[in-house]
Amino acid sequence: MSDPIISAMIVGAALAGLVVVALVALKAWRDWLALQRLRLDGLRRGDPPSGTSGARIELADLRERVRKLEAIAAGVDF
């Protein structure tokens, strides 16, 4: 086998791998968008929050922690 054939095989394999990665990323993106649409549809319908008041308090606490972590990541000091 000559050098151009080997190069063509390497380029072909790299291109096939890139196509596979792109297709997987596209599938993940579409699934994530579908999940977000489902969440938004649930919020628009006005579904009552599930669980007890303790669960809602815990959820509010987790949201506050996420806000603080995002602020830290953005470089904002408290």
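In the block above lies the structure referred to throughout.
Participant: Describe the overall build of the chain, listing the residues and the values that go with them.
Facilitator: For the chain, the helix and strand inventory stands at two helices and zero strands. A burial count over the chain gives 3% of its 78 residues as buried. If you sum the accessible surface of the chain, you get close to 7,100 Å²; carbon and sulfur atoms cover 68% of it.

Participant: Describe the pattern of salt bridges, with residues and values.
Facilitator: With the rule as written, the count across this model stands at three salt bridges. A salt bridge links K27 to D31, with the shortest nitrogen-to-oxygen separation between them at 3.2 Å. Of this pair, K27 and D31 are both found in helix 1 (residues 3–45), four residues apart, which corresponds to roughly one turn of the helix. Take D31: its relative accessible area is 41%, and that puts it in the partly exposed class.

Participant: Describe the packing of aromatic side chains, and please don't skip the residues or the numbers.
Facilitator: Summed over the entire model, instances satisfying the criterion amount to one aromatic pair. Geometrically, the ring pair formed by W29 and W32 is stacked, given 5.4 Å between the ring centres and 25° between the ring planes. Taken together, the residues span about one helical turn, with W29 and W32 both in helix 1 at a distance of three residues. A relative accessible area of 43% means that W32 is categorised as partly exposed.

Participant: Which residues make up helix 2 (residues 53–74), and what are the values?
Facilitator: With 22 residues, helix 2 should cover 32 Å at 1.5 Å per step; its first-to-last C-alpha distance of 31 Å lies within 8% of that length. Downstream of helix 2 by a residue or two, G75 has a phi angle that is positive, lying close to 85°.

Rules used throughout
Residues numbered from 1 in each chain as written. Predicted model: local features only at pLDDT ≥ 70, side-chain atom pairs only at ≥ 80, totals over all residues. Heavy atoms only, no water. Helix = DSSP H or I, 4+ residues; strand = E, 2+ residues; numbered from the N terminus. Buried < 20%, exposed > 50% of the residue type's maximum accessible area, 1.4 Å probe, protein only. Areas by Shrake-Rupley, 256 points an atom, 1.4 Å probe, with all protein chains shown as cover. Salt bridge = Lys/Arg side-chain N within 4 Å of Asp/Glu carboxyl O. Phe/Tyr/Trp six-rings, centres within 6.5 Å; stacked < 30°, edge-to-face > 60°. Expected span 1.5 Å × (residues − 1).

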